[in-house]
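What the coordinates show
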Amino acid sequence: MKFPVKFFFIFFQILFLILIFSCGKISSRKISETNDAYALFALGADFLESGEYGASIRASEKAAALFKNFDEYENGEDFYYDSLVQIGEANLRAGKIKKAQSQFQKILTLAPQNENLVLAIAAVYFRLNKIDEARIFFETSIKKYSGNAEIIAELYYYYALCLFAQNDFQDAFYAVQVSKENFLKSKKEIPEKLEKFLQDALEKIRNN
């Protein structure tokens, strides 16, 4: 039995329309889920600031799951890690220290040198009380981001805290000065504690 040419023409038209509809549906679903991920991340941040830590963790976990699957979108991967940081922060504020430590350690393993996470990771070392590891991390990161005044300002500030904890007051004093210079260069607001920290380091040097 022979099928007329017109039959095949109609058949392929229908097939083509089904294909376009399916692709459009998949694409719309991806866009919808990505928008949901950003919304959930923002919601998690709002809950964190309002002290609703359980709700923050739940929203951030859902956001992380979506960002992990849609990292091809702009900043998707960064938001995935930021969501993990948010979960750790919520656990920490809620007093769930072991869970927070576990979360921060996971971040350190997944992205030890991610530029967007470098400052969050720096804080993680302090929260885990890993001062020796922190010093190595800061010295490596300072070399890596030497041209970025904004990050360098923060890194040297944390680096100074680390040196102060190790009673290395001379280097801590120098680190605070470099931090202040870079805060001014980047036009970022200088932390209120930085000036006092500078005086404390100077006083320690004089007394030792």
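Structural notes, computed from the coordinates. (Residues numbered from 1 in each chain as written. Predicted model: local features only at pLDDT ≥ 70, side-chain atom pairs only at ≥ 80, totals over all residues. Heavy atoms only, no water.)

**Remarks on the packing of helix α6 (residues 131-144) against helix α7 (residues 149-165)**
Heads up, the rule is: Angles here are taken between N-to-C directions and fall from 0 to 180 degrees, while the axes themselves are lines fitted to C-alpha atoms, restricted in helices to the stretch in contact. Helix numbers and strand numbers start at the N terminus; a helix is a DSSP run of H or I with at least 4 residues, a strand a run of E with at least 2. Put simply, angles under 35 degrees are roughly parallel, angles over 145 are roughly antiparallel, angles from 65 to 115 are roughly perpendicular, and the rest are oblique. We call a crossing left-handed when the near helix sits turned anticlockwise from the far one by less than a right angle, and right-handed when that turn is clockwise. Throughout, a residue-residue contact means that at least one pair of heavy atoms, one from each residue, lies within 4.5 Å. When residues are sorted by character, Ala, Val, Leu, Ile, Met, Phe, Trp, Tyr, Cys and Pro go into the nonpolar class, Asp, Glu, Lys and Arg into the charged class, and all the rest, Gly among them, into the polar class.
The geometry of α6 relative to α7 is characterised by a closest axis approach of 10 Å and an angle of 150 degrees between their N-to-C directions. The pairing of α6 with α7 is recorded here as roughly antiparallel in orientation. Regarding α6 and α7, the two cross each other, and that crossing is left-handed. In this structure, α6 contributes I131, A134, R135, F138, E139, S141 and I142 to the contact, and α7 contributes I152, L155, Y156, Y158, Y159, C162, L163 and A165. Here the residues of the contact of α6 with α7 are counted per class, giving twelve nonpolar, one polar and two charged.

**A few points about the side chain of S179**
We apply this condition: Burial status follows relative accessibility: with a 1.4 Å probe on protein chains alone, a residue under 20% of its type maximum counts as buried, one over 50% as exposed, and anything between as partly exposed.
Looking at the secondary structure, you find S179 in helix α8 (residues 169-186). Looking at S179, the relative accessible area reads 0%, which means it is buried.

**As for the nonpolar core**
Under the convention used in this document: Buried Ala, Val, Leu, Ile, Met, Phe, Trp, Tyr and Cys residues form a nonpolar core when they are joined through side-chain atoms within 4.5 Å.
L84, F137, F138, L155, Y156 and Y159 are the most contacted members of the largest nonpolar core, which has 51 residues in total. If one sorts the elements of this core by residue count, α7 sits on top with ten residues.

**Regarding the side chain of Q86**
The cut-off we apply is this: Whenever two N or O atoms come within 3.5 Å, that pair is a polar contact, provided that in protein one can donate a hydrogen and the other can accept it, and provided that, for residues adjacent in sequence, both atoms are side-chain atoms.
With respect to the secondary-structure elements, Q86 resides in helix α3 (residues 76-93). Within the structure, Q86 has its side chain in polar contact with the side chain of S60 (distance 2.9 Å). Q86 has contacts with F41, G44, A45, L48, S56 and S60, leaving out every residue within four places of it along the chain.

**Observations regarding the packing of aromatic side chains**
Two aromatic rings, taken as a pair, are described by how far apart their centres are and by the angle between their planes. We count it as follows: For Phe, Tyr and Trp, rings pair up if their centres lie within 6.5 Å, where Trp contributes its six-membered ring, and each pair is then called stacked (planes under 30 degrees apart), edge-to-face (over 60) or tilted (otherwise).
Taken as a whole and assessed by the stated rule, the structure comprises eleven aromatic pairs. When the centroid spacing of 5.3 Å and the interplanar angle of 50 degrees are considered together, the rings of Y80 and Y81 count as tilted. Summarising the burial analysis for this pair, Y80 and Y81 share the class buried. On the numbers, 6.5 Å between centres and 0 degrees between planes, the contact of F138 with Y158 is stacked. Of this pair, F138 sits in helix α6 while Y158 sits in helix α7, and the two are 20 residues apart along the sequence. Since its relative accessible area comes to 22%, Y158 is described here as partly exposed.

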